[in-house]
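Residues per chain, in single letters:
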Amino acid sequence: MNFILKKSIKLVSLLIAVSILSFILVSSSPVDPVRAYIGSESINVSQSQREKIETYWGLHESKTTQFFNWSKSLVQGNLGQSLIYRRPVGEIIATRFRASLALMSLAWVLSGVFGFTLGVLAGAREGSFLDRLIKGYCFALASVPAFCLGLILLMVFAVWLGWFPVGLASPFGGLAKNVTILEKIQHLLLPALTLSVVGVASIALHTREKLIDVMNSEFVRFAKAKGESGVTLLWRHGLRNITLPAISLHFASFGELFGGAILVEEVFSYPGLGQSVVKAGLNGDIPLLLGITIFSAIFIFIGNLIADLLYFLIDPRTKRKWSHG
Amino acid sequence: MAKHIRLKYKLSQRFEGRNPRKHALIVSIAAIVCLFTLVIVGAFVNVEGLDVNFMAKNNPPSFTHIFGTDWLGRDMLIRTLKGLNLSFWIGVLAATLSVIIAVSFSILSSVNKTLDAVVTWLIDLFMGIPHIITLILISFALGGGLKGVVIGVALTHWPMLTRLLRAEVMQIKSMEYIGVSQNMGKSWWWIGTHHILPHLLPQLIVGFILLFPHAILHEAAITFLGFGLSSEQPAIGIILSEAMRYLSSGMWWLAFFPGFSLLIMVFLFDVLGRNLRKLIDPLNGQKL
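As the structure is a computational prediction, the values presented were derived from the model and not from experiment.

Q: Can you lay out the overall build of chain B for me, pointing to particular residues and giving the numbers?
A: Within chain B, the regular secondary structure consists of 11 helices and 0 strands. Overall, chain B shows an N-to-C arrangement of helices and strands of α-α-α-α-α-α-α-α-α-α-α. Residues classed as buried in chain B amount to 49% of the 288 residues present. For chain B, contacts bridging at least 24 residues in sequence account for 70% of all contacts bridging at least 6. As displayed, chain B has an accessible area near 13,800 Å², and 68% of this comes from carbon and sulfur atoms.

Q: Give me the UniProt feature "transmembrane region" (unreviewed entry) in chain B: which residues, what numbers.
A: All names here are of chain B. UniProt records the feature "transmembrane region" (unreviewed entry) for residues 24-45, 86-109, 121-142, 148-165, 204-230 and 250-269 in the present numbering. Structurally, residues 86-109 is divided into 96% helix and 0% strand, and its ends, taken at the C-alpha atoms, are 34 Å apart. Counted over residues 204-230, helix gives 78% and strand 0%. Its end C-alpha atoms are 33 Å apart.

Q: I'd love a proper account of the confidence of the model for chain B, names of residues and values included.
A: One rule of thumb: low pLDDT means the predicted coordinates there are not for detailed reading. All names here are of chain B. Of all residues in chain B, 81% attain a pLDDT of 70 or more, and the chain-wide mean is 78. When mean pLDDT is compared element by element in chain B, helix H4 (residues 113-127) scores highest at 87, while helix H1 (residues 2-14) scores lowest at 51. For this predicted complex, the interface confidence comes out at an ipTM of 0.80, alongside a pTM of 0.79.

Q: How would you sum up helix H5 (residues 131-141) of chain B? Please name residues and give values.
A: Taken across its 11 residues, H5 of chain B has 11 buried, putting it largely inside the fold. When we look at burial in H5 of chain B, the residues that qualify are His-131, Ile-132, Ile-133, Thr-134, Leu-135, Ile-136, Leu-137, Ile-138, Ser-139, Phe-140 and Ala-141 of chain B. Looking at the packing, one finds that the buried side of H5 of chain B touches helix H1 (2-27), helix H11 (254-267), helix H12 (273-283) and helix H13 (286-314) of chain A together with helix H6 (145-173) and helix H8 (188-224) of chain B. Directly beyond the C-terminal end of H5 of chain B, a positive phi value near 70° is found at Gly-143 of chain B.

Q: Please set out the side chain of Asp-116 of chain B residue by residue, giving values where relevant.
A: With respect to the helices and strands, the residue Asp-116 of chain B is situated in helix H4. Those residues within four positions of Asp-116 of chain B in sequence are excluded, and the remaining contacts are Ser-109, Arg-166 and Met-170 of chain B.

Q: Residue-level account of the packing of aromatic side chains, with values.
A: All chains considered together, the criterion is met by 14 aromatic pairs over all chains. A network of ring pairs unites the aromatic residues Phe-97, Trp-108, Phe-251, Phe-254, Phe-258, Phe-295 and Phe-299 of chain A as a single cluster. Here the basic side chain of Lys-186 of chain B rests over the ring of Trp-190 of chain B, its NZ or CZ set 4.5 Å away from the ring centre.

Q: Mind laying out a nonpolar patch on the surface, listing which residues take part and the relevant values?
A: Residues Val-12, Ile-16, Ile-20 and Ile-24 of chain A make up a contiguous nonpolar surface patch of roughly 340 Å² in combined accessible area. Relative to the elements of secondary structure, Ile-20 of chain A occurs in helix H1.

Q: I'd like to hear about the pattern of salt bridges, residue by residue, with values.
A: Inspection of the entire model under this criterion finds 6 salt bridges over all chains. In this structure, Asp-308 of chain A and Lys-7 of chain A form a salt bridge, with 2.7 Å as the shortest nitrogen-oxygen distance. With Asp-308 of chain A in helix H13 and Lys-7 of chain A in helix H1, this pair connects stretches of sequence that are 301 residues apart. According to the relative accessible area criterion, Lys-7 of chain A is buried, its value standing at 16%. Salt bridges linked by common partners bring Lys-10 of chain A together with Asp-124 and Arg-163 of chain B together as one network.

Q: Help me get a handle on the UniProt feature "transmembrane region" (unreviewed entry) in chain A, residues and values and all.
A: As recorded in UniProt, the feature "transmembrane region" (unreviewed entry) lies at residues 101-124, 136-165, 185-205, 242-264 and 288-314 of chain A. Across residues 101-124 of chain A one finds 100% helix and 0% strand; the C-alpha atoms that close the span lie 34 Å apart.

Q: A description of the packing of H11 of chain A against H12 of chain A should follow, citing residues and the corresponding values.
A: Residue and element names in this part refer to chain A. Where H11 contacts H12, the two axes come as close as 7 Å, and the packing angle between them is 80°. By the criterion of interaxial angle, the relationship of H11 to H12 is roughly perpendicular. Contact residues: Phe-258, Ile-262, Glu-265 and Glu-266 in H11; Leu-273, Gly-274, Gln-275, Val-277 and Val-278 in H12.

Q: Could you give an account of the side chain of Asp-124 of chain B, naming the residues involved and the relevant values?
A: In this fold, Asp-124 of chain B is placed in helix H4. Sequence-distant contacts of Asp-124 of chain B, that is, excluding residues within four places in its chain, are made with Lys-10 and Leu-14 of chain A together with Arg-163 of chain B.

The rules behind the values
- Residues numbered from 1 in each chain as written.
- Chains lettered and ligands numbered in written order.
- Predicted model: local features only at pLDDT ≥ 70, side-chain atom pairs only at ≥ 80, totals over all residues.
- Heavy atoms only, no water.
- Helix = DSSP H or I, 4+ residues; strand = E, 2+ residues; numbered from the N terminus.
- Buried < 20%, exposed > 50% of the residue type's maximum accessible area, 1.4 Å probe, protein only.
- Contact = heavy atoms within 4.5 Å.
- Areas by Shrake-Rupley, 256 points an atom, 1.4 Å probe, with all protein chains shown as cover.
- UniProt positions renumbered as here; feature names shortened; annotations may be inferred.
- pLDDT = per-residue confidence, 0-100.
- Phe/Tyr/Trp six-rings, centres within 6.5 Å; stacked < 30°, edge-to-face > 60°.
- Lys NZ or Arg CZ within 6 Å of the ring centre and 35° of its normal.
- Patch = residues over 30% accessible without salt bridge, like charges linked within 9 Å, V, L, I, M, F, W, Y side chains within 5 Å.
- Salt bridge = Lys/Arg side-chain N within 4 Å of Asp/Glu carboxyl O.
- Axes fitted to C-alpha atoms, helices over the stretch in contact; angles between N-to-C directions.
- Parallel < 35°, antiparallel > 145°, perpendicular 65-115°, else oblique.

As structure tokens, then:
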């Protein structure tokens, strides 16, 4: 109970800080919101009309009043109206996030499975050729930027081989209701693959290190003395000890996942949350930018919370530690 | 057990006649030499190739233009070298700023419990938003440009290093000689600079080098997304985002070579950092 209370206080304090900080950052921007709203038509808009928009938006009030007005409606669940999409921000985040969620969850599962398998393969035989190969692969992977990889995959598989479509989440020009599940999956696969590759390295290296630690421990030596070896030993003593921390770590990587998704969506023109945050930033759509920032903070917090909870619920040792301190 | 012994034997065989420290030293020096060449060549390269030349537009790679040319006839090799040079200097600036922030915060957190809580909370705050979104917000606030990128990258990368250094400081603080020093009436500033900072130095140097890959990647990413540097500056991110528009027309060299060069530069920094750690921080370094 104490744990949940502590966490919720932390979430609230972080959210307040995030909203204050991002509001300060956004409102100190030299980008003129009125001009961003009107766009290329700004020559046709007279000074008095401008004045009207500015008073309507409350731009003449002080920054603090503006902030309190915004946060008041935020608490009521109203994120405001997006300037580029001309729809409520909450609605846009909801529809866009559904697309992003499909991409991110597929990539998350893929990178978890691949990373864990590679880590186990490498850690089981420390110093072997396979271990060095996987280690080198992971280090090389860590220096590949997500968008570069996306570009290369796009070039090879979509442009040259023509196996996958070049972009978007559904075929161009079709009606949304005519899109089949198969077509959606076809559009999803390449971006998800790109995104998953980025997450593989950290999880594989972590699993490898943990497995090596476990395999050098006293209880494994004892098990070997009893005559256990090979896969049985690995299954009984190795995997059981490393699976939970690996899953936990994977939940804590939601931040990188979200950041990677922004880049991948931009490369593949995938209509997700990341693409709209980039659009919002480039076009000065302040309500949408703030809304997505806060949403991403909640998203990452949930990931970290699940990671903590997994430790807390499954591993009895952490429970004892928490109740003592 | 027999297998275990054989494995250990194999390991010792692998290192026979090869000193790991010497190996790390050689690799580090090689990486430094490569990076310096890259930077120096990038700084002094002839910029004539950057002029618009429609006679030689959309050329695939050849001997005169090793990386090919773009749709304005600009030489891609020179653009790439200039872009890497810019990336390097942004990396230097951002990494230096990050290290300064990280050191001051980790020393601050050693003063008392309240300050420590504040620092941890700040770390959680900055780790709680995706780096890219923070970068977008900061560059939006500063109206884009080089300044936005450098400040953004510096402000997003200190938390990782601070967390590492803070753990180290906590460990050092529980040492006996710190208690002795306190009992002798030394101020926390004196203890910080004389007893804690020297122990942080190896972590700091390695952390500084390992910040580069992240900084360069984030700089390229944020420019790629269209924030930050303007399009006439030869940044790698700009080159890649422009190349993306020409991908479907089959001009693969526009994206391939710059992307690959960026990868190599990041990889070199990564190798340098890991090998330096083996040399100056052997206890943690040998694990990898």
